[in-house]
2 protein chains.
Amino acid sequence: MTVRIDSATRNQLQEWEKELETQYQRICQHELNLDLTRGKPSAEQLHLSDRLDGILNGDYRSPDGIDTRNYGGLDGLPCSRALGADILQVPTEEVMAGGNSSLTLMYHAVLTGYLFGFAGTKPWREMAAPKFLCPVPGYDRHFTICEQLGIGMVNVPMTATGPDMDTVEKLVREDQEIIGMWCVPKFSNPTGVTYNQDTVTRLAQLGQVANPGFRIFWDNAYAIHDLDQHVNLPSIRSATIENDTTDSVIQFASTSKVTHAGAGIAFVSASSANLDSLKKQMQAMTIGPDKVNQLRHSRLFPEFTLLKEHMQQHAEILKPKFECVLKHLENAFGDSDLGSWEKPHGGYFISFDTRPGCATEVVRLAAEAGVKLTPAGATFPYGKDPENRNIRIAPSFPPLEELDTAMSVLVLCIKLASVREQLQKA
Amino acid sequence: MTVRIDSATRNQLQEWEKELETQYQRICQHELNLDLTRGKPSAEQLHLSDRLDGILNGDYRSPDGIDTRNYGGLDGLPCSRALGADILQVPTEEVMAGGNSSLTLMYHAVLTGYLFGFAGTKPWREMAAPKFLCPVPGYDRHFTICEQLGIGMVNVPMTATGPDMDTVEKLVREDQEIIGMWCVPKFSNPTGVTYNQDTVTRLAQLGQVANPGFRIFWDNAYAIHDLDQHVNLPSIRSATIENDTTDSVIQFASTSKVTHAGAGIAFVSASSANLDSLKKQMQAMTIGPDKVNQLRHSRLFPEFTLLKEHMQQHAEILKPKFECVLKHLENAFGDSDLGSWEKPHGGYFISFDTRPGCATEVVRLAAEAGVKLTPAGATFPYGKDPENRNIRIAPSFPPLEELDTAMSVLVLCIKLASVREQLQKA
């Protein structure tokens, strides 16, 4: 049944509602318990790295002769920094390798800017109203960091090539208290978009006009997480070198969605001035990261090519799941006016925009039918989606069969919510 | 040669200086390269836990059925929290198990108090001059946290039973901006002293008169690190329950000096109100700790008795080293007026107090002779030892033979510096 709302009569809408309502009631009786909320790897994916435990074979010494079992080394092991450098395509000396969470490194980087300022610039907390630009929809955990520290957030719409740069440039020029910006530049969370060269260049140029303390938080979480074809993310580092703004960007990555999600290693890359500021803050809170686990990762991936082969195995598991979601959306909405979505070539999410005002109701209906979705609004600062339309679909965790069922429910809920919304308006 | 300075004539001092100077020059020619700086376990100790890597044998599921490889669980695994509870002798539900560093948990606890306040009390940063009491000599990394956040520090002298409680009580009563206190209650860093019942009780009573936001940071780093006889630390938890001050203490411990120093797990224990505040802050910076490594530790120590047996093996390695240091000090200074020290029954340090004004010169002389010591003053806030007399000796890392040589050098440097200092005064 193809639903096209804008051209439907009231009678037609009422008929649809009745029919959809019947289908929905039938589904509710199945007492499903399915989860499309968080971007967690599946057990099958995690299993790809199970060699990690035991891989050291009693030899705890790093290739550089460091006893990884003991204290020390805030920068991380040289071999781990090299791994991060391969992932981010930057020089090893610009990389620190950390613990099990890039979010932690981001938090400490924001804290550094907030409490002390980067590279001799003014601490953000001394400003009247420091704020970050937040491309939306975006990643809720980024927004939580700002919210906790009382850093304001300004929404910027995402386009199919990255954040709307006209808006970004205008805001940065007009407001010198914009001191940061969140970016997930490749397979963006949740839209799946990869920034193009024009976007990357213009982002690198912001440092020429922004507050000197301004920093772009370049969360390259899906740097090597291509699904089918290889997607190239233009180098932000090269762009900042060309524009003499190397201090304006701090890059992050991790192996969380490469090896074991909760037990991987994280990376930060930045200019030496930025790294010095970050390390000054971090050395008060740690003697150093878990080097034993870092060494395990270097043993698993002694060469970058092995890491890339490993990622292909992930892709083979994930691809059918993405295809399943896209097939449901295409079949149900390809010829409708009920919503829009991007078709990502990697990453962990598919983002669906309903007609305005429907997202909360879709999530509620799905929950009642036993399908958990990320709360509507979660992909926006303060949890507020101004148009109440974005829904983040995370297909990685459930088995394919469950995903298929969950998508049938979701599609039905979108239809039902859309028809009801239109009937209420009419 | 026994040196007693106060009763020596100038001639005698000059003769000693000449003789000591000759010995010192001879040692300098050996071009030693020895290190008594940090409390790092030796390779032999680290080796005791080498089973950790590979201990999972492909089974990444915790006893409670959690897939430790995936994201989630800010509190840590239930079995790890139980391990922390055994170490700290508190109920499991009052424990969170974290990553590889209790220092990180302490940092986040201080940050929580500073930025947000604990349990609804005023954030410390809103006070005119928030400050911590610091028993001295103490642990430099504690002091660095306060210094970085601009929290003032007030020295309190250590006695043989803990901090001088008359001073502590007077300061807390008189100054409501004292909002914290550092304690290493068992085998204190660096004096080796364990707090007695009277000290613990009086500390637990501070919460009745202090600012409601006041928190004792109870860093029980050496909770199970007894060398010869078992030393009992009275329970601060029981004392706070008796005095209705359970919110006033936050306890910390780790396996850093139990398993692998840089790759262990850390614990924090507190009232539910305090843990709620801490978790609210921490959930912005991490999804959760490395649960795989937590599980490894639970597999290594499925029972607390096994952990205690493991600690006896550490003691057997450490005991001869402590005996070596104490023998040198006793032989050289037992019958002198050149310094004083405690004889610890556990922990990682021996603290030596020279005659006033000599510590910097001792450290300098030792460095020139090839023996690295912790910088003089490091055991005091801001690196300033007001009497310039405390020297922290860390005997754990070097092999016994090297330690023996290093101690001969240290003893000589103490004698030489003391004689010279007296000659300059005279």
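Being a predicted model, the structure only gives us computed values, none of them experimental.

About the thresholds
- Residues numbered from 1 in each chain as written.
- Chains lettered and ligands numbered in written order.
- Predicted model: local features only at pLDDT ≥ 70, side-chain atom pairs only at ≥ 80, totals over all residues.
- Heavy atoms only, no water.
- Pairing = 2+ DSSP bridges.
- Helix = DSSP H or I, 4+ residues; strand = E, 2+ residues; numbered from the N terminus.
- Axes fitted to C-alpha atoms, helices over the stretch in contact; angles between N-to-C directions.
- Contact = heavy atoms within 4.5 Å.
- Domains from an automatic or database assignment.
- Buried area = accessible area lost by both parts, 1.4 Å probe.
- Parallel < 35°, antiparallel > 145°, perpendicular 65-115°, else oblique.
- Nonpolar A, V, L, I, M, F, W, Y, C, P; charged D, E, K, R; others polar.
- Core = buried A, V, L, I, M, F, W, Y, C linked by side-chain atoms within 4.5 Å.
- Buried < 20%, exposed > 50% of the residue type's maximum accessible area, 1.4 Å probe, protein only.

### Considering the sheet that holds strand β13 (residues 390-393) of chain B
Each strand in a sheet pairs with another by means of backbone hydrogen bonds, the pair being arranged parallel or else antiparallel.
Residue and element names in this part refer to chain B.
Next up, step 1: Across the sheet, which stays open at both edges, the three strands sit in the order β10-β11-β13 with antiparallel pairing between neighbours. The sheet is open, and its two edges are formed by β10 (339-341) and β13, each paired on a single side. Neighbouring strand axes in the sheet, compared pairwise and without regard to direction, differ in orientation by 25° on average.
Next up, step 2: With four bridges joining them, strand β11 (residues 350-354) and β13 adopt antiparallel strand pairing. Within the sheet, the bridge partner assigned to Phe 352 lies in β13 and is Ile 391.
Next up, step 3: Along the sheet, helix α12 (residues 359-368) makes contact with β11 and β13, crossing β13 at roughly 40°.

### Describing the domain arrangement of chain A
Residues and elements named next belong to chain A.
Next up, step 1: With domains assigned, chain A is organised as domain 1 (10-45 + 308-425) and domain 2 (62-302).
Next up, step 2: Summarising the inter-unit geometry, the C-alpha centres of domain 1 and domain 2 are found 30 Å apart.
Next up, step 3: At the junction of the two partners, domain 1 supplies 27 residues and domain 2 supplies 33 residues.
Next up, step 4: Surface buried jointly by domain 1 and domain 2 totals about 2,600 Å² across both partners, of which 63% is contributed by carbon and sulfur atoms.

### Some details on the packing of helix α4 (residues 102-115) of chain A against helix α9 (residues 272-282) of chain A
Between two packed helices, the angle of one axis relative to the other and the distance separating the axes together describe the packing.
Residues and elements named next belong to chain A.
Next up, step 1: Where α4 meets α9, the axes come as close as 9 Å, and the angle between the chain directions of the two elements is 100°. One way to sum up the angle between α4 and α9 is to call them roughly perpendicular. Facing α4, whose interface residues are Leu 105, His 108, Ala 109, Leu 111 and Thr 112, α9 presents Ser 277, Leu 278, Gln 281 and Met 282.
Next up, step 2: Grouping the amino acids of the contact of α4 with α9 by side-chain chemistry returns five nonpolar, four polar and no charged.

### Here's the deal with the nonpolar core
Next up, step 1: Ranked by size, the top nonpolar core spans 74 residues in total, and within it Trp 124, Phe 132 and Trp 182 of chain A together with Trp 124, Phe 132 and Trp 182 of chain B carry the most contacts.
Next up, step 2: Setting aside residues up to four positions removed in sequence, Trp 124 of chain B forms contacts with Val 110, Gly 113, Tyr 114, Phe 118, Pro 130, Phe 132, Ile 151, Ile 179, Gly 213, Arg 215 and Phe 217 of chain B.

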